Amino acid sequence: MTTALLSINWGNALIVTIVGFGLVIVLLIVLVLVMKIFGWFFTHGTKAAPAAANVAGGTQPQTQFLTDEELAAVSAAVNSCFFGVHDFEDLTITIHHDEQDSDWTSKYTALTQ
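Residues numbered from 1 in each chain as written. Predicted model: local features only at pLDDT ≥ 70, side-chain atom pairs only at ≥ 80, totals over all residues. Heavy atoms only, no water.

Draft legend 1. Inspection of the UniProt feature "transmembrane region" (unreviewed entry) in the protein chain at higher detail. In the UniProt entry, the feature "transmembrane region" (unreviewed entry) is given for residues 12–34. Strand forms 0% of residues 12–34 and helix 100%; the C-alpha atoms that close the span are 32 Å apart. (UniProt positions renumbered as here; feature names shortened; annotations may be inferred. Helix = DSSP H or I, 4+ residues; strand = E, 2+ residues; numbered from the N terminus.)

Now the structure itself:
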């Protein structure tokens, strides 16, 4: 046991360990900084022009409200999209084996006997 411990170059092992842990720490810090930069860029980056600038004459656009019929149509479409299950399955797996032998099945049966 002592010869195995003495045959290890502890100086190099310590250097490799310190460099490895240091590299992981530095890369984690860089990753956090990159994520913070992306967050700042997407929150403070280019802003869209106000809606009043897009309207001719500089007036504010009028808000449009949906009628009851339109709301009913939208809710029916969402209901049929999310809750309309058209296939009812009992989640049973059935495997039907054909009794017809091919080259592959005959080889399989010959190898498994």
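After presenting the structure, the write-up continues.
Draft legend 2. Looking closely at the packing of aromatic side chains. Following the criterion strictly, the structure yields two aromatic pairs and no others. Seen from their ring centres, F38 and F42 are 6.2 Å apart, and the 15° between their planes marks the pair as stacked. Of this pair, F38 and F42 both sit in helix 2 (residues 10–44), four residues apart, roughly one helical turn. Note on F42: relative accessible area 63%, which makes it exposed. (Phe/Tyr/Trp six-rings, centres within 6.5 Å; stacked < 30°, edge-to-face > 60°. Buried < 20%, exposed > 50% of the residue type's maximum accessible area, 1.4 Å probe, protein only.)

Draft legend 3. Structural context of the environment of T43. Among the structural elements, T43 can be located in helix 2. The class for T43 is partly exposed, based on a relative accessible area of 48%. Only 3.0 Å separates the side chain of T43 from the side chain of H44, close enough to count as a polar contact. (Polar contact = N/O pair within 3.5 Å; in protein donor to acceptor, adjacent residues only side chain to side chain.)

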